[in-house]
Amino acid sequence: MKPLLNIILSAILLASFLPASAADTSGADTWLPTLFGNNMMFQRNKPIKVWGFGQPGRRISATLSNGTDTETVTAAINSEGRFDVEFGARGASFAPYTLTISDGDATTTISGILVGEIWVAAGQSNMALRVNGLQEEPRDEILADIDGDGDRLRIFIEPQTAGVNLPYDTQKSLDGAKWYRGDSQSGVGQCSAVGYYMTKGIQQKLAADGDPTPVGVLCTARDGAPIETFLSRDEVESPEFAPVRDKLKEFGLYYDRSTWTGREYIITGYYNTRIAPLAGFNVAGMIWYQGEANWQHPEIYSDELRALRRCWSRTFGFGNEMIPMVFNQLGPWVTEVGIINVSEAMTDAWRTMDSDGRISHFPIYDTDFTHTGNLSIHPTNKKPVGLRYVTAVYNTVYDPDATEYTCPVVRDYTIGADGVITVNFDHTGEGLRTLDGSGDVIGFTAACADGVHVNVPAKISDDGTSVILTTTLHNPLYFTYAFRNRNMAANLCNSIGLPAAPYRNDRESRQQLTANIDWLEMDSPQIWGYVWEPESLDKGWSCGFNDAWSAEGAQLDFVGDGQQHHGKAALKVTATAQAKVSAYVDSYSIPQNNGISANKSLRVNLEGVTALSFFIKNPDNTTKAVTLHITAADGTTYSSTARIASDSDYTLVLFPFENVKHFGIIRNLWFPTPAGILYFDHGRILPAGYIRPTSALTPVTTGPSDSSVDFSDPSSGANPVPERWFTPSGTPVNGCPTLPGLYISTCARKLLIP
């Protein structure tokens, strides 16, 4: 029995000093947090810090060695039961180090340690979404390409355990957290997908640029977590945080020791359990994908994001400097109506923190929102977002010669007397461009004093730093870019491919933002919107791709290559007899019993709109009549007819609705088309202040010298607005038209000069 007893006692003694990642040793005399374990990584070019806990007064000896580089340091366990040792900074090393620590009675050895670049991947569920949770193609692509990454990548996984009875005080270690090599199927599968793409991409770019360096990631994100749960108590109680603290008290989200409940997501709760155990560990920077859980209070999110960076700069030892930080804005969801306001707050925060050039942000409205096997708020193809992080992180931190590192943001603007709005951007790189390569910028709206926004044509300036909006509005005051919850059609970006940040130039006035009617652009056969899926994880209402247009009795084709008038495509309708062509119209509405009133921007809202227009081309030798029908929310159907001349190129065709004050939420929009071929492109919604329907709705074949043509404003009222004329492409005419051609006026009159 004695040999067996010796074996048992030896095993107990050894277990008492194993890293916590290998055994539960919280009750042992001397132990290490789970942060220190086999296959870990230390940050290069910074002191290497190691700490643990044990009996006060005992001496600790620690040795770090990879065979050719060896250093030994000693320390005493202090009166609070903690020891800290520090090794000198090392350069990047693929040659694994071994860390040996002894307290005189027991020795532990941690092996497989690399030295390189370490990033913290933090946030909530979209950052937490694992490689194993991706849809099949990107998941299999990743897992099939991990051979050889064992000595290039390191992954630290914090478990997604439910936060029950979260502690008020900071914790020393997180049970279940563990390091993995980059060639571990288990480790890669558990890794944040966004974090993995970023980590591998940065490692490859460093190597390609002559700086071969291992790269690691600390996966700390937690499903459903609001930003305030990741703040430390010191930050929350600081004078700088006082205004936000007052707001959190008002919202019922502030807790101190006397009111502590320990509930999931409580303020400071996940800092205490997930971030505090990492405090003092040197890293290169942080990436942040979060905000959905804060949609109800976007007015304080900017301040909270600044507080997070201050807090984590201290946590990860950046001293008087600020931690390099890259974060992304949010994608759409089914019910969260404040998502775009959180994205706006992110840009606000970025503007106040960019002075050090160590912070970047970017939108993701153009990425793939497919959510196979998950909630629609969790897109399951993270490759586009992950690769965008590679660009932003690399250019922000590692490439001093990068032409750009963050997304374009509006600098200022001018509104001319002619209704032309010039929007000037910063961070354009080598010049603004469009994501789809078209010459037309999609996503801008403009409005007059009534606040009714309409989509407007926009072009990039010759120098690539501005966008020119030709509004044809009467005294436009307001404009927006991509400022809506579903803004996926917006296409402005800079030279490194980062999309422009959403923007609105007025936050005070009541603005009736129109619906995200992407089908009006005729650029894509499918658009993102709501679908009814009874079995979906969203419990009925989900999101997915819908046909932008559908037809009964006709063939629909989206054509480009010069066949379009605007953007990247036009809708070609081919019918052998009269057919019906219908637009996709969202019918989703938010339940009224959840404390949120239905948001009009979630459905097709034509409030304040009295006309629509399309550019229509008729290549056939017969004149055609097209009638546009719109069914309003109350079931009433309104109609407007226009005649399309034979053998005509794209012409701006108006569909005024003279007897309608406004449509509001609509149920359907369709038009019957005659036999033959018609092309439709760039539909626009026109508010009452934009167009004044009159009797002159058919072209007048006379010139301006004919006294029968009255160019004064035919509208009545105390403040008549001068009539202005435009070509069918929207180019303003100086004064009255005189050259041959077709013209349209702001008073809805057409003029054909032979």
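Residues numbered from 1 in each chain as written. Predicted model: local features only at pLDDT ≥ 70, side-chain atom pairs only at ≥ 80, totals over all residues. Heavy atoms only, no water.

Description of the sheet that holds strand E23 (residues 503-504)
Okay, step 1: In space, the four strands of this open sheet follow the order E18-E17-E21-E23, with antiparallel pairing throughout. Two strands lie at the open edges of the sheet, namely strand E18 (454-455) and E23, each paired on one side alone.
Okay, step 2: Sheet analysis places strand E21 (residues 478-481) next to E23, joined by two bridges and oriented antiparallel. Looking at E23, one finds that Tyr-481 is bridged to Tyr-503. (Pairing = 2+ DSSP bridges. Helix = DSSP H or I, 4+ residues; strand = E, 2+ residues; numbered from the N terminus.)

Regarding the sheet that holds strand E19 (residues 458-460)
Okay, step 1: Spatially, the four strands line up as an open sheet ordered E14-E15-E20-E19, and their pairing is antiparallel. At either end of the open sheet lies a strand with only one pairing partner, and these are strand E14 (409-415) and E19. The mean angle between the axes of side-by-side strands here comes to 25 degrees, regardless of whether they run parallel or antiparallel.
Okay, step 2: Two elements, E19 and strand E20 (residues 466-470), share three bridges in a ladder whose sense is antiparallel. Bridged to Ala-458 within E20 is Leu-469. (Axes fitted to C-alpha atoms, helices over the stretch in contact; angles between N-to-C directions.)

A few points about helix H9 (residues 301-315)
Okay, step 1: Spanning 15 residues, H9 covers 20 Å between terminal C-alpha atoms, matching the ideal 21 Å at 1.5 Å per step.
Okay, step 2: Among the 15 residues of H9, 13 are classified as buried, and the element is accordingly described as predominantly covered.
Okay, step 3: Positive backbone phi, at 75 degrees, marks Gly-317, one or two positions downstream of H9. (Expected span 1.5 Å × (residues − 1). Buried < 20%, exposed > 50% of the residue type's maximum accessible area, 1.4 Å probe, protein only.)

Brief notes about the side chain of Gln-203
Okay, step 1: Within the secondary structure layout, Gln-203 lies in helix H5 (residues 193-208).
Okay, step 2: Of the polar contacts made by the side chain of Gln-203, one reaches the backbone oxygen of Thr-213; its length is 3.3 Å.
Okay, step 3: If we skip the residues at most four places from it in the chain, Gln-203 touches Phe-94, Arg-152, Leu-153, Thr-213, Pro-214 and Val-215. (Polar contact = N/O pair within 3.5 Å; in protein donor to acceptor, adjacent residues only side chain to side chain. Contact = heavy atoms within 4.5 Å.)

Focus on the confidence of the model for the protein
Okay, step 1: Averaged over all residues, the pLDDT of the protein is 84; the fraction at 70 or higher stands at 80%.
Okay, step 2: Confidence over residues 691-722 falls short of pLDDT 50; this stretch has 64 contacts with residues more than four positions distant or in other chains. (pLDDT = per-residue confidence, 0-100.)

Comments concerning the state of the cysteines
Okay, step 1: Inspection of every chain in the model, using the stated rule, returns zero disulfides.
Okay, step 2: Unpaired in terms of disulfides, Cys-219 finds its nearest cysteine sulfur in Cys-191, a separation of 3.7 Å.
Okay, step 3: Given a relative accessible area of 7%, Cys-219 falls into the buried group. (Disulfide = S-S within 2.5 Å.)

So, the packing of aromatic side chains
Okay, step 1: Using the criterion set out here, one finds 23 aromatic pairs in the structure.
Okay, step 2: Seen in terms of ring centroids, Tyr-365 and Tyr-481 are 6.4 Å apart; in terms of plane orientation they differ by 70 degrees. Their pairing is edge-to-face. Taken together, the positions of Tyr-365 in the loop between strand E13 (359-362) and helix H11 (383-398) and Tyr-481 in strand E21 put the pair 116 residues apart, joining distant regions of the chain.
Okay, step 3: Using a relative accessible area of 2% as the deciding quantity, one classes Tyr-365 as buried.
Okay, step 4: Given a relative accessible area of 1%, Tyr-481 falls into the buried group.
Okay, step 5: The structure contains a cluster of three or more aromatic residues connected by ring pairs, namely Phe-230, Tyr-265, Tyr-270, Trp-288, Trp-312 and Phe-316.
Okay, step 6: Over the ring of Tyr-254 we find Lys-249, and its NZ or CZ is 5.0 Å from the ring centre.
Okay, step 7: Above the face of the Tyr-270 ring, Arg-274 is positioned so that its terminal group lies 6.0 Å from the ring centre. (Phe/Tyr/Trp six-rings, centres within 6.5 Å; stacked < 30°, edge-to-face > 60°. Lys NZ or Arg CZ within 6 Å of the ring centre and 35° of its normal.)

With respect to the nonpolar core
Okay, step 1: Among the nonpolar cores identified, the biggest contains 125 residues, and Phe-36, Phe-281, Trp-288, Leu-305, Leu-308, Trp-312 and Tyr-389 are the most heavily contacted of them.
Okay, step 2: Ranked by residues supplied to this core, first place goes to strand E7 (residues 107-123) with nine residues.
Okay, step 3: Among the nonpolar cores identified, the runner-up in size contains 50 residues, and Val-410, Ala-500, Val-626 and Phe-655 belong to it. (Core = buried A, V, L, I, M, F, W, Y, C linked by side-chain atoms within 4.5 Å.)

Quick notes on the environment of Glu-240
Okay, step 1: If you trace the backbone, Glu-240 turns up in the loop between helix H6 (233-236) and helix H7 (242-251).
Okay, step 2: On the basis of relative accessible area, Glu-240 is assigned to the exposed category, the value being 54%.
Okay, step 3: For Glu-240 and Asp-303, which are 63 residues apart along the polypeptide, the C-alpha to C-alpha distance reads 9.5 Å.

With respect to the pairing of strand E29 (residues 624-632)
Okay, step 1: For E29, the tally of buried residues reaches eight of nine residues, placing the bulk of the element in the interior.
Okay, step 2: In this structure, E29 lies alongside strand E30 (residues 637-644), joined through eight bridges in antiparallel fashion. The partner of Leu-628 across the bridge, within E30, is Ser-640.
Okay, step 3: Hairpin connection between E29 and E30: a loop of four residues separates the two successive antiparallel strands, and Gly-635 in this loop has a positive phi of roughly 90 degrees.

A short note on the pairing of strand E8 (residues 153-157)
Remark: a regular strand shows side chains that alternate across the two faces of the sheet.
Okay, step 1: A large share of E8 lies buried, amounting to five of its five residues.
Okay, step 2: The alternating pattern of E8 places Leu-153, Ile-155 and Ile-157 and Arg-154 and Phe-156 on opposite faces, both of which are buried.
Okay, step 3: Two elements, E8 and strand E10 (residues 215-219), share five bridges in a ladder whose sense is parallel. Opposite Leu-153, over in E10, you have Val-215 as the bridge partner.
Okay, step 4: Of the strand pairs in this sheet, E8 and strand E9 (residues 178-181) are connected by four bridges, and their pairing is antiparallel. What sits directly across from Arg-154, in E9, is Arg-181.

As for helix H10 (residues 339-353)
Okay, step 1: Counted at 1.5 Å a residue, the expected span for H10 with its 15 residues is 21 Å, and the 21 Å between its end C-alpha atoms agrees.
Okay, step 2: A large share of H10 lies buried, amounting to eleven of its 15 residues.
Okay, step 3: Among all positions of H10, only Ile-339, Ile-340, Val-342, Ser-343, Glu-344, Ala-345, Met-346, Thr-347, Ala-349, Trp-350 and Met-353 are buried.
Okay, step 4: Structurally, H10 contributes buried residues whose contacts are with H9, strand E12 (325-328), E13, E14 and E23.

Some details on the packing of H9 against H10
Okay, step 1: Axis separation between H9 and H10 bottoms out at 8 Å; the angle between their running directions is 50 degrees. The angle between the axes of H9 and H10 places the two elements in the oblique class. Where H9 crosses over H10, the two elements pack in a sense that is right-handed. For the pair H9 and H10, contact is made by Tyr-301, Ser-302, Leu-305, Arg-306 and Arg-309 and by Val-342, Ala-345, Met-346, Asp-348, Ala-349, Thr-352 and Met-353, respectively.
Okay, step 2: A breakdown of the residues in the contact of H9 with H10 according to their chemical character gives seven nonpolar, two polar and three charged. (Parallel < 35°, antiparallel > 145°, perpendicular 65-115°, else oblique. Left-handed = near helix turned anticlockwise from the far one by under 90°. Nonpolar A, V, L, I, M, F, W, Y, C, P; charged D, E, K, R; others polar.)

Section: the side chain of Arg-154
Okay, step 1: When you line up the elements, Arg-154 lands in strand E8.
Okay, step 2: The charged side chain of Arg-154 is buried without a salt bridge, its nearest counter-charge being Asp-151 at 4.0 Å.
Okay, step 3: From its side chain, Arg-154 meets the backbone oxygen of Asn-39 in a polar contact 2.9 Å long.
Okay, step 4: Here the side chain of Arg-154 touches Gly-112 through a polar contact of 3.0 Å, landing on its backbone oxygen. (Lys, Arg positive; Asp, Glu negative; His and termini not counted. Salt bridge = Lys/Arg side-chain N within 4 Å of Asp/Glu carboxyl O.)

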